[in-house]
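# Structure assessment
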Amino acid sequence: MGQQERHSLNLIGFALPVAAAWMGSAFCAALGLAALALATLGPGEHGTIVALKATARFSFLLFWLAYAAGAMTTLFGPAFEPLKRRGREFGLAFASAHLVHLGLVAWLTYIGHAPARGVFLFFGVAALWTYLLALFSIPRLQKALGSKGWWFLRVVGLNYIAYAFATDFLGYPQFGSFKYLVGYLPFAALSVVGPLLCLAAFVQRAAWLRKTSSRQTG
C-alpha cells in the first residue's frame, strides 16, 4: 500500500469518529433538554410543547452555524475559518439533535395533540431536506451526485430549512412581551441575519469572479 493510500485511510479513520462524536454529543444534549422539560412539567401536552421549543432552538443554533459560517468567512475574513471548516460537523450535529425534536412530535401526536396537517407537511419537507443533506454529505454519495447536484441540493435544502425556522420564530404574535424577548427575539434575529449574510457573501463572490474574469479577458 502506497503512502498516499495510507494517508487517505488515516484521514477517513479520523474523520468518522469526529463526526460521530459531534452527532452523539448533539443528540445527548437535545435528549437532556427534552428530558428536563418533561420531568419538570410532565409528559403531557404542555411539557411536550416546552420540550419541542427547547430542542428546536438548540437544533437551530447548530443549523445556523452550518448555514452561515461560510458566508461569515467570506465577508469578515479568516477569523471565522474554524467555523467554516466545521460546517459538516455542525450540519450532522443538527440532523442528529433534530431526531429528538421529531421524536417529541411523534409523542405529541400519540397523546392526541397532533399538529395541523399543513404544519406536518411544511415542516416535514424541512425534515426531509435535513436528512437528504446529511445523507449526501457522505463523500462517496456526494461524489456520485456531482458538484452541480450537490450545490443545488445544498442551496435549496439549506434555504428551505432556514425559511422553515424563520416562519416559526417570526410568527409569534406577542411582540414586546417578556416571553417574546427571551424565547423568540434572539432566534428571530438570527433567522433574518443568516440569509442576509449568505446573500451578501454570494454578491461579494459574484463581484470578485466578475472582476477576475474581466482582468483575464482585458
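The final tally for this structure, using the stated rule, is 15 aromatic pairs. The interplanar angle of 55 degrees and the centroid separation of 5.4 Å between the aromatic rings of F63 and F94 together place this pair among those described as tilted. With a gap of 31 residues between them, F63 in helix α2 (residues 45–76) and F94 in helix α4 (residues 87–110) connect regions that are remote in the sequence. Classification of F63 as buried rests on a relative accessible area of 2%. Taking the centre distance of 6.0 Å and the plane angle of 10 degrees together, the rings of F165 and F169 count as stacked. In this pair, F165 and F169 are both assigned in helix α7 (residues 147–170), four residues apart and thus about one turn of the helix distant. Residue F165 shares its accessibility class with F169, and that shared class is buried. Lying across the ring of Y184, R57 places its NZ or CZ 4.7 Å from the centre. Positioned over the ring face of F187 is R57, at 5.5 Å from the centre of the ring.

This part takes up the side chain of S59. With respect to the element layout, S59 can be found in helix α2. Given the relative accessible area of 0%, S59 is considered buried. With residues near it in sequence (within four places) discarded, S59 still touches F94, A97 and H98.

Moving on: the pattern of salt bridges. Across all of its chains, the model carries one salt bridge by this definition. Between R86 and E89 there is a salt bridge, with the nearest N and O atoms lying 3.5 Å from each other. Judged by its relative accessible area of 35%, R86 falls in the partly exposed class.

Next up on the list: the packing of α2 against α4. For the pair α2 and α4, interaxial distance at closest approach is 8 Å and the crossing angle is 165 degrees. As summarised for this structure, α2 and α4 are arranged roughly antiparallel, according to the angle between their axes. Every pair of crossing elements has a handedness; the one defined by α2 and α4 is left-handed.

Moving on, we come to the layout of surface pockets. Considering only enclosed or pocket space, the largest pocket measures out at about 950 Å³ in volume. For the largest pocket, the lining is made up of 32 residues, of which A66, Y67, R154, V155 and L158 are closest to its centre. When residues of the lining of the largest pocket are traced back to their parent elements, those giving at least two are α2, α4, α5 (117–136), α7 and α9 (185–217). Of the residues in the lining of the largest pocket, the class split is 20 nonpolar, eight polar and four charged. Approximately 760 Å³ is the volume attributed to the second largest pocket.

Moving on, we come to α5. Taking 1.5 Å of rise per residue, the 20 residues of α5 would be expected to cover 28 Å, and the 28 Å separating its terminal C-alpha atoms lies within 8% of that figure. If you follow the buried residues of α5, they end up packed against α4 and α7.

We now examine the nonpolar core. The nonpolar side chains of a soluble globular protein tend to be buried with one another. By size, the foremost hydrophobic cluster in this structure holds 40 residues, and its most contacted members are F60, L62, F63, I161, F165 and F169. Contributions of two or more residues to this core are made by α1 (3–41), α2, α4, α5, α7 and α9. With eleven residues, α2 is the single largest residue contributor to this core. Look past the residues within four positions of F60 in its chain and what remains in contact with it is F165, F169, F187, L190 and S191.

Cut-offs and rules
- Residues numbered from 1 in each chain as written.
- Predicted model: local features only at pLDDT ≥ 70, side-chain atom pairs only at ≥ 80, totals over all residues.
- Heavy atoms only, no water.
- Phe/Tyr/Trp six-rings, centres within 6.5 Å; stacked < 30°, edge-to-face > 60°.
- Helix = DSSP H or I, 4+ residues; strand = E, 2+ residues; numbered from the N terminus.
- Buried < 20%, exposed > 50% of the residue type's maximum accessible area, 1.4 Å probe, protein only.
- Lys NZ or Arg CZ within 6 Å of the ring centre and 35° of its normal.
- Contact = heavy atoms within 4.5 Å.
- Salt bridge = Lys/Arg side-chain N within 4 Å of Asp/Glu carboxyl O.
- Axes fitted to C-alpha atoms, helices over the stretch in contact; angles between N-to-C directions.
- Parallel < 35°, antiparallel > 145°, perpendicular 65-115°, else oblique.
- Left-handed = near helix turned anticlockwise from the far one by under 90°.
- 1 Å grid on protein atoms, 1.4 Å probe; cavity = no way out; pocket = protein on both sides within 12 Å on 5 of 7 lines; lining within 4 Å.
- Points joined across faces, edges and corners; volume = space filled by probe spheres on them.
- Nonpolar A, V, L, I, M, F, W, Y, C, P; charged D, E, K, R; others polar.
- Expected span 1.5 Å × (residues − 1).
- Core = buried A, V, L, I, M, F, W, Y, C linked by side-chain atoms within 4.5 Å.

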